[in-house]
Amino acid sequence: FIPAILTFFYLRSFRKDDEVYHKDCQELLFSGFGICALVMLFGLVLRLPWVFLGLGKNNLMIENLFMCFVINALCEETAKFLAARKYIYKDTGKTSRLDVYAYITIAALSFALLEDVIYAISSNAGQIIVRGVLMGHVPEALIMAHFYSKAVEEKKTVYKVLAFLLPILLHGTYNFLLKDSLPEWTAMVELALVAVETICT
């Protein structure tokens, strides 16, 4: 929890004397339950026809790809963005590219902190430390914020596409490489991937 909370305070400090900005950041940080509700709703809407049609019933690989890239990555990244979008467009004349970074990243932190509660209860010390230090949701949020802020500034659709496509691909790959059905070495590849994401962003 500590790296995530420290990151939040850093992002909130971008506008030192702006109480409205500070309040918006705090509201966004506590929107985790709303983001989780959206994730579950989106997942239900997409999962029901998938199960009803039996598309992944006889193929574990297809089922895992769908779960990782659609149910997990697409639903989570979309829900986090929708939570941040409210604040990005609240006052467009005042919102800077740096604000876009802050809002999208805080939305990711909000969701990640709730996930961390589950991991703290059900996981082991090593996984908790790795998750806490690398903060997988944050690099994905920064990538989204980078391209989405460019899209807003330059009014180019291609950046909006990249803002969603890249985080979804990285997020889905992260989840997929940790599947029990894959060889153990994929977990090491995954750790390296998240480390590179964190360092580069």
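Engineer: Can you walk me through the layout of surface pockets in this structure?
Structural biologist: What the second largest pocket holds in volume is close to 160 Å³. Residue lining of the second largest pocket: Phe1, Ile5, Leu29, Phe30, Gly32, Phe33, Ser110, Leu113, Leu114 and Val117, and that is the complete set. For the lining of the second largest pocket, the secondary-structure elements that each account for two or more residues are α3 (32–53) and α5 (97–122).

Engineer: Honestly, the environment of arginine 97 in this entry has me stumped. Any pointers?
Structural biologist: Structurally, arginine 97 is set in helix α5. In this structure the C-alpha to C-alpha distance between arginine 97 and valine 152, which are 55 residues apart in sequence, comes to 8.4 Å. Not counting residues up to four positions away in its chain, the partners in contact with arginine 97 are His146, Ser149, Lys150 and Glu153. Within polar-contact distance, the side chain of arginine 97 engages the side chain of serine 149 at 3.0 Å.

Engineer: Could you clarify how one ought to interpret a nonpolar patch on the surface in this entry?
Structural biologist: There is a patch of nonpolar side chains on the surface, built from Phe1, Ile5, Phe9, Val117 and Ile121 and spanning about 500 Å² of accessible area. Every element with two or more residues in the nonpolar patch is listed here: α1 (2–12) and α5. Position of phenylalanine 9 among the secondary structure elements: in helix α1.

Engineer: Can you walk me through the pattern of salt bridges in this structure?
Structural biologist: Opposite charge on two side chains allows them to pair when their charged atoms are near. Considering all chains together, one arrives at nine salt bridges under this definition. Lysine 94 is the partner of aspartate 18 in a salt bridge, and the nearest nitrogen-oxygen pair spans 3.0 Å. Linking aspartate 18 in the loop between α1 and α2 (19–29) with lysine 94 in the loop between α4 (60–88) and α5, this pair joins segments that are 76 residues apart in sequence. Judged by its relative accessible area of 13%, aspartate 18 falls in the buried class. With a relative accessible area of 45%, lysine 94 lands in the partly exposed category. Salt bridges here are not isolated pairs; linked through shared partners, they connect Arg15, Asp18, Lys94 and Asp99.

About the thresholds
Residues numbered from 1 in each chain as written. Predicted model: local features only at pLDDT ≥ 70, side-chain atom pairs only at ≥ 80, totals over all residues. Heavy atoms only, no water. 1 Å grid on protein atoms, 1.4 Å probe; cavity = no way out; pocket = protein on both sides within 12 Å on 5 of 7 lines; lining within 4 Å. Points joined across faces, edges and corners; volume = space filled by probe spheres on them. Helix = DSSP H or I, 4+ residues; strand = E, 2+ residues; numbered from the N terminus. Contact = heavy atoms within 4.5 Å. Polar contact = N/O pair within 3.5 Å; in protein donor to acceptor, adjacent residues only side chain to side chain. Patch = residues over 30% accessible without salt bridge, like charges linked within 9 Å, V, L, I, M, F, W, Y side chains within 5 Å. Areas by Shrake-Rupley, 256 points an atom, 1.4 Å probe, with all protein chains shown as cover. Salt bridge = Lys/Arg side-chain N within 4 Å of Asp/Glu carboxyl O. Buried < 20%, exposed > 50% of the residue type's maximum accessible area, 1.4 Å probe, protein only.

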